[in-house]
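Now for the letters of each chain:
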Amino acid sequence: MNNNTKSYELIYVILNFGMGSRVYKYARELGIKRGMIILGKGTVKSPLLEFLGITDVRKEIILMVCESSKINEIVPKIVDTFHIDKPNKGILFTIPIKDFYDLQSNSKKYVSAEVKTNGGVKNTMYDAIFVVVDKGKAEFVVEAANEAGAKGGTIIHARGTGEYEIEKIFSMEIEPEKDIVLIIVKEELTEAVVNSIRDKLDIEKEGAGIIFVQEVDQAYGLI
C-alpha cells in the first residue's frame, strides 16, 4: 500500500430527533467534508417514557467520514459541545474504514483507507453489532439482544432513509423494506447477543437476515 494513502474512520453519532443538523453543521466547521443523516428509532427502556406512553423515540444517526489523524482533535470537541459524555445526551463511537468511494469527486475516485493497528488506538472493549432483517422483525432482534444482556439498540428503516447512501456506507446492498438494527455491547457480551439473535430469528435460514460485527475504537455516552 502507498505510504501516502490516508487512513479514515467512520464517526457514528446517535441523538434525539432534531439534533442531527446542528451536530453535522458543527462537524463541518471542524473540517468534516463527508457525512449523512438518517432516521432511526431508539429502543432503550425508560420507566418514565413507558409511563407517558412513549415506547419509541425518534433518533437521528449522523455518519461522518474523518481522517484518522484528525479523530483525536475533532471527536472530543463534538463530545464536549453537545455533552455526549453526559447521561441520555446521545452516543458517539468510531469505527475504522477499510475502503470507500469518494462520491464528491466527479470521477468517483476510489480511495483505499488503511485499517489501523492497535498502536495508538483507544481500546474501548465495545463491539457494534449490525443486524439486517425484514421490515417488522427489528423488535424481535432487540428483544433477543436484551435477553442476552444488551441494553437496547437503534433501528434504521432502509426505505425512505437514503437506500443508496446506506448501501455505500455498509458495503452491501440493502433491499427496500429491510430494517437495520445497531446494537453496541461490551465485547464479552458479543457472542451471547449474536447467538441469541441467531437462534430467535433463525438467521441461518436463507434470506432470514445478515449479522456482522465491527470493533469500536472510541465510544462516548454508553452506560
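Residues numbered from 1 in each chain as written. Predicted model: local features only at pLDDT ≥ 70, side-chain atom pairs only at ≥ 80, totals over all residues. Heavy atoms only, no water.

Asker: Outline the nonpolar core, listing residues and values.
Answerer: In a soluble, globular protein the nonpolar side chains are often hidden away together inside. Ranked by internal contacts, the top residues of the largest apolar core, which has 22 residues, are Y12, L63, F93, A128, F130 and L182. Contributions of two or more residues to this core are made by β1 (8–16), β2 (34–42), β3 (57–67), β4 (91–97), β7 (126–134) and β9 (178–186). When neighbours within four sequence positions are excluded, F93 is seen to be in contact with L10, I11, Y12, I14, A128, L182, I184, V216, Q218 and A219. Membership of the second largest hydrophobic core comes to 20 residues, among which are C66, F82, I84 and Y220. (Core = buried A, V, L, I, M, F, W, Y, C linked by side-chain atoms within 4.5 Å. Buried < 20%, exposed > 50% of the residue type's maximum accessible area, 1.4 Å probe, protein only. Helix = DSSP H or I, 4+ residues; strand = E, 2+ residues; numbered from the N terminus. Contact = heavy atoms within 4.5 Å.)

Asker: Describe in detail unusual backbone geometry, supporting the description with residues and values.
Answerer: Unusually for a residue other than glycine, H83 sits at a positive phi of about 55°. Here H83 shows up in the loop between α3 (68–81) and β4. Taking relative accessible area as the criterion, H83 reaches 42% and is therefore assigned partly exposed. Despite not being glycine, D202 shows a phi value in the positive range, around 55°. Tracing the backbone shows D202 in the loop between α6 (187–201) and β10 (210–215).

Asker: Tell me about the confidence of the model for the chain, and name the residues and values.
Answerer: On average, the chain scores 77 in pLDDT, and the residues at 70 or more come to 71%. The secondary structure element of the chain with the lowest average pLDDT is strand β6 (residues 110–112), at 45, and the one with the highest is α3, at 94. Contacts of residues 159–169 to residues separated by more than four positions or lying in other chains number 22 contacts, the stretch itself having pLDDT below 50. (pLDDT = per-residue confidence, 0-100.)

Asker: Run through the environment of K135, naming residues and quoting values.
Answerer: Along the polypeptide, K135 turns up in the loop between β7 and α4 (138–147). As a C-alpha pair, K135 and I156 span 21 residues in sequence and 10.0 Å in three-dimensional space. Sequence-distant contacts of K135, defined by excluding residues within four places in its chain, comprise H157, E177, K178 and D179.

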